[in-house]
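Reading the structure
As a plain string of letters, each chain reads:
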Amino acid sequence: MRILALGDVVGQSAIAYLQKHLWSIRTRERIDLAVVNGENGTDIHGLCTADAKILLESGADVLTLGNHTYGKRDLYAFLEDDPRIIRPANYPPTAPGSGYTIQDAAGWRVLCINVSGRAFMEPLNDPFEAVERILSREEGRYDLAVMDIHAEATSEKIALARVFDGRVQVLFGTHTHVPTADEQILPKGSGYITDLGMCGPISGILGTNAEQVIYKLRTAMPTRFDVAEGEIRAHGAIFDLDPA
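Before going into details, it helps to say that this report is about the structure given with it. Residue numbers here run from 1 along each chain, matching the order of that chain's written sequence. Local features in this predicted model are restricted to residues of pLDDT 70 or higher, and side-chain atom pairs are both shown and tallied only at a pLDDT of 80 or more, whereas totals for entire chains, interfaces and linings draw on every residue. The side-chain numbers reported here are obtained from all heavy atoms of the structure, hydrogens and water having been left aside.

1. Here's the deal with the pairing of strand 13 (residues 236-240)
Of the two faces of strand 13, only one is covered, namely that formed by Ala237 and Phe239; the face formed by Gly236, Ile238 and Asp240 stays uncovered. Each pair of strands is called paired provided DSSP finds at least two bridges between the two strands. Strands here mean DSSP runs of E at least two residues long; helices mean DSSP runs of H or I at least four residues long; both are numbered from the N terminus. Relative to strand 13, strand 1 (residues 2-6) runs antiparallel, the two sharing 5 bridges. If you follow Leu4 over to strand 13, its bridge partner there is Ile238. Exposure classes here rest on a 1.4 Å probe applied to the protein chains alone. A residue is buried below 20% of its type maximum, exposed above 50%, and partly exposed in between.

2. Quick notes on the sheet that holds strand 13
In space, the 4 strands of this open sheet follow the order 4-3-1-13, with mixed pairing throughout. For this open sheet the edge positions go to strand 4 (62-64) and strand 13, each flanked by a neighbour on one side alone. On average, each strand axis in the sheet is inclined to that of its neighbour by 20°, with strand direction left out of account. Contacts: residue pairs with any heavy atoms within 4.5 Å of one another. Axis angles are defined between N-to-C directions and span 0 to 180 degrees, where every axis is a line fitted to C-alpha atoms and, for a helix, only to the segment in contact. Sitting on the sheet, helix 1 (residues 11-29) touches strand 1, strand 3 (33-37) and strand 13, and the angle it makes with strand 1 is about 155°.

3. A look at the sheet that holds strand 11 (residues 198-201)
The strand order 2-11-12 describes an open sheet built from 3 strands, whose pairing is mixed. Here the strands that pair on one side only, and so sit at the sheet edges, are strand 2 (8-9) and strand 12 (232-234). With 3 bridges joining them, strand 11 and strand 12 adopt antiparallel strand pairing. Note that in strand 12 the partner of Cys199 across the bridge is Ala234. Helix 1 contacts strand 2, strand 11 and strand 12 of the sheet and is inclined by roughly 60° relative to strand 12.

4. A few points about the packing of aromatic side chains
Within 6.5 Å between ring centres, the rings of Phe, Tyr and Trp (the latter by its six-membered ring) count as paired, and their orientation is classed by plane angle as stacked under 30 degrees, edge-to-face over 60, tilted in between. Tallying each qualifying case throughout the model produces 3 aromatic pairs. Consider the rings of Tyr70 and Tyr91, whose centres lie 5.2 Å apart with planes at 80°: the pair is edge-to-face. A residue pair is termed long-range when its members are at least 10 positions apart, and Tyr70 in the loop between strand 4 and helix 3 (75-81) and Tyr91 in the loop between helix 3 and strand 5 (100-105) qualify at 21 residues. Seen in terms of ring centroids, Phe172 and Phe239 are 6.3 Å apart; in terms of plane orientation they differ by 40°. Their pairing is tilted. One end of the pair, Phe172, is in strand 8 (residues 170-174); the other, Phe239, is in strand 13, and 67 residues separate them in sequence.

5. Let's talk about the environment of Lys157
If you trace the backbone, Lys157 turns up in helix 5 (residues 154-164). Excluding its chain neighbours within four sequence positions, the residues that come into contact with Lys157 are Ile149, Ala151, Gly173, Thr174, Thr176, Tyr192, Thr194 and Asp195.

What follows is the structure in structure tokens.
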């Protein structure tokens, strides 16, 4: 079984890129399940329902989110209605949507979980406890598990991966938009990478217009951020799972 995980989608141009190429990538790489983080798909801050539907129609089986989950208010109802899109499980239970879903892929029941880190981010509930509850609640209802760890701190991502090594078979980080070079098989057999990177324009800074980011850093003044222009690249990882 092959699972494709793609990093944060940044902007309309990245959505158009995946709309054009994702199905062909899936066919060429024999992908059974594609998990895409749509966090920054609509104008950097959030994902609207129309863009979420485009990504799902373009070959994403599951959409994960992050700290910009509620950036577009029209997504709230879609989060409640479509199980293929999930938000971090450690948001308060009153928040719209679910933190996990179970999808069928190649004859397997795949539990997909989304959590957010807390270091340098919003003070959400404990992600470790949130995942423990999900695994306990769904025990016996799934064959393997996948988790998107949307976090700023590298240490927090690795800590979550170490705790759930062997219980969650595919573990990957998102949020920093920069792919890391630490892809590995953990001691108990799970596949892990600290950050997938992003699907977006590489000419800017993390997909954002470079001049605006530099102005903000040099002046500390309020600044509007726009998506950068230019070449689009899709960053991610492919996980091969041995059914034995």
